[in-house]
Amino acid sequence: MNDVITHKEFSLKKTVLRILLYFVAIDVCIFTLYPYFAMFCTALKSRVEIFSPNGTIFPIQSMWSNFIDIWSRAPMAQYLLNSVLIAGGSTLIAMLCGIPAAYALARMKFKGQTAFLGFIIVSQMFAPVVLLVGIYQVMQTLGLTDSIWGLIFINAAFNQAFTVWLLRGTFMSISPEMEQAATIDGCTRVQAMLRILIPVAAPGIVTTLIFIFINAWNEYTVALCLIQTDTLKPLTVGINTFNGYNMIEWQYLFAASIFAIIPVVLLFMSIEKNLVSGLASGGVKG
């Protein structure tokens with residue numbers, strides 16, 4: 001009899017905890033998604049309705065034309081192309097440099113390795129805005145101000161430490177015996193890395209790649225300071241076109257922001273299956 005009561009109490013507690021967990025999860029989702037919902041609703045409003053004192057969160061009349069008008073009021077296609085070039089180029093450079101570096105740190109032992117790893121962690125403490133004056137001077141010396149290439153190199157550099165650290169953990173989670181077996185079969189170390197290690201580490205590599213792309217896609221401060229030519233601005237800076245001196249066109253600003261969010265959402269959806277496994281492998285203590 002006591003066992004039956006205990007089992008019922010356990011089942012009741014489990015049900016209550018599950019309900020509380022669902023309640024917390026729903027609250028977190030609402031708290032996280034509400035700003036995007038408000039932004040979408042505002043993008044559908046007219047200018048008169050936005051500044052109306054009696055307005056509500058929902059638009060009285062949905063102005064879907066706002067999403068079309070932004071393409072004629074600003075060179076949105078050029079901004080979008082610039083962002084793709086900057087984010088894609090910096091991601092490619094960071095991965096090409098980061099994979100060999102992470103492999104060396106995971107498989108080779110050398111003097112000063114611990115200090116080098118500490119330097120990588122310390123470098124993550126500095127935000128680009130702190131180094132903005134130095135960055136501008138270096139880019140000016142190299143003739144890369146007001147240049148897409150300058151933004152590509154800067155974003156690649158600032159994401160390099162994150163790339164090396166995460167991929168090192170991914171490589172260390174893979175048994176080195178797999179590469180040793182490949183070398184016995186006649187592969188060189190480079191061939192073993194390309195044919196054995198990288199395919200096995202694909203989830204971690206894809207996760208790292210997407211995070212670098214998103215960081216470069218969302219970068220704003222450095223691009224704002226380095227780019228003056230309107231046709232070279234990335235999307236994050238270009239949407240400031242709707243932020244005038246005397247008036248902010250909120251409906252167009254939010255409509256353009258939604259277009260800036262869509263690529264990031266699609267990327268996260270594409271790596272949802274690999275995201276958890278990639279982060280877990282990258283977090284292995286070495």
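Everything numeric here is computed off the predicted structure, so don't read it as measured data.

Engineer: Summarise the overall build of the chain; cite the residues concerned and give the values.
Structural biologist: Check the secondary structure of the chain and you find 14 helices and zero strands. Secondary structure elements in the chain, listed N-terminal to C-terminal, are α-α-α-α-α-α-α-α-α-α-α-α-α-α. The globule rule puts the C-alpha radius of gyration for 286 residues at 19 Å, and the 25 Å found for the chain is more than 25% above it. C-alpha extents for the chain along the principal axes are approximately 80 × 70 × 35 Å. Counting only residues that meet the buried cut, the chain has 36% of its 286 residues in that class. Considering only residue pairs separated by 6 or more positions, the chain has 74% of its internal contacts joining residues 24 or more positions apart. Element-wise, carbon and sulfur atoms account for 70% of the exposed surface of the chain, whose accessible area totals about 17200 Å². A distance of 9 Å separates the average location of the 16 positive side-chain charges in the chain from that of its 13 negative side-chain charges.

Engineer: Which residues make up unusual backbone geometry, and what values go with them?
Structural biologist: Within the chain, Asp146 stands out as a residue other than glycine whose phi angle is a positive 55 degrees. In this structure, Asp146 sits in the loop between α6 (132-142) and α7 (148-172). On the basis of relative accessibility, which here comes to 23%, the residue Asp146 falls in the partly exposed class.

Engineer: I'd like a description of the nonpolar core, backed by residues and values.
Structural biologist: Formed by 26 residues in total, the largest nonpolar core has its most connected members in Phe67, Ile70, Met76, Trp217, Leu235, Phe242 and Ala256. Looking at this core, the elements that each hand over two or more residues are α1 (2-43), α3 (66-73), α4 (76-107), α10 (202-218) and α13 (250-270). If sequence neighbours within four positions are ignored, Met76 has contacts with Ile70, Trp71, Leu235, Phe242 and Ala256.

Engineer: Quick rundown of the packing of α3 against α13? Include the residues and the values.
Structural biologist: Contact geometry of α3 with α13 gives a least axis separation of 9 Å together with a crossing angle of 90 degrees. When the interaxial angle is binned, α3 and α13 end up roughly perpendicular. Residues Asn66, Phe67, Asp69, Ile70, Trp71 and Arg73 of α3 pack against Gln251, Tyr252, Ala255, Ala256, Ile258 and Phe259 of α13.

Engineer: Any details on α13? Residues and values, ideally.
Structural biologist: In this model α13 runs 30 Å from its N-terminal to its C-terminal C-alpha over 21 residues, within 8% of the 30 Å that 1.5 Å per residue would give. At Ile261, α13 shows its maximal bend, which comes to roughly 25 degrees, and the proline Pro263 appears one to four places after that position. Among the residues of α13, those classed as buried are Gln251, Tyr252, Leu253, Ala255, Ala256, Ser257, Ile258, Ala260, Val264 and Leu267.

Engineer: Now, about the side chain of Asn155: what can you tell me, with residues and values included?
Structural biologist: Mapped onto the fold, Asn155 is located in helix α7. Contacts of Asn155, omitting those with residues within four sequence positions, involve Ile86, Ser90, Ala216 and Glu219.

Engineer: Any details on the pattern of salt bridges? Residues and values, ideally.
Structural biologist: The tally for this structure, following the rule as stated, stands at two salt bridges. Salt-bridge contacts for Glu249 lead to Arg73; the nearest nitrogen and oxygen are separated by 2.4 Å. Of the two residues, Glu249 is situated in the loop between α12 (235-238) and α13 and Arg73 in helix α3; the sequence distance between them amounts to 176 residues.

Engineer: Account for the packing of aromatic side chains, naming residues and giving values.
Structural biologist: For the coordinates displayed, the defined rule picks out twelve aromatic pairs. Ring geometry for Trp71 against Phe259: centres 5.2 Å apart, planes inclined by 80 degrees, an arrangement best described as edge-to-face. Of this pair, Trp71 sits in helix α3 while Phe259 sits in helix α13; the two residues are 188 residues apart in sequence, bridging distant segments of the chain. On the accessibility criterion, Trp71 (34% relative accessible area) is partly exposed. With a relative accessible area of 26%, Phe259 lands in the partly exposed category. What links up through ring pairs into an aromatic cluster is the set Phe40, Trp64, Phe67, Trp71 and Phe259.

Engineer: Describe α7, listing the residues and the values that go with them.
Structural biologist: For α7, with 25 residues, the first-to-last C-alpha span of 35 Å sits near the 36 Å given by 1.5 Å per residue. A bend of about 40 degrees at Asn159 is the largest found in α7. The element α7 is largely enclosed, with a buried count of 18 among its 25 residues. Two or three places before Trp149, at the start of α7, stands the capping residue Ser147, its side-chain oxygen 3.2 Å from that residue's backbone nitrogen.

The rules behind the values
Residues numbered from 1 in each chain as written. Predicted model: local features only at pLDDT ≥ 70, side-chain atom pairs only at ≥ 80, totals over all residues. Heavy atoms only, no water. Helix = DSSP H or I, 4+ residues; strand = E, 2+ residues; numbered from the N terminus. Rg over C-alpha atoms; globule rule 2.2 N^0.38 Å. Buried < 20%, exposed > 50% of the residue type's maximum accessible area, 1.4 Å probe, protein only. Contact = heavy atoms within 4.5 Å. Areas by Shrake-Rupley, 256 points an atom, 1.4 Å probe, with all protein chains shown as cover. Lys, Arg positive; Asp, Glu negative; His and termini not counted. Charge placed at Lys NZ, Arg CZ, Asp CG, Glu CD. Core = buried A, V, L, I, M, F, W, Y, C linked by side-chain atoms within 4.5 Å. Axes fitted to C-alpha atoms, helices over the stretch in contact; angles between N-to-C directions. Parallel < 35°, antiparallel > 145°, perpendicular 65-115°, else oblique. Expected span 1.5 Å × (residues − 1). Bend = angle between axes of the 7 residues up to and from the residue. Salt bridge = Lys/Arg side-chain N within 4 Å of Asp/Glu carboxyl O. Phe/Tyr/Trp six-rings, centres within 6.5 Å; stacked < 30°, edge-to-face > 60°. Polar contact = N/O pair within 3.5 Å; in protein donor to acceptor, adjacent residues only side chain to side chain.

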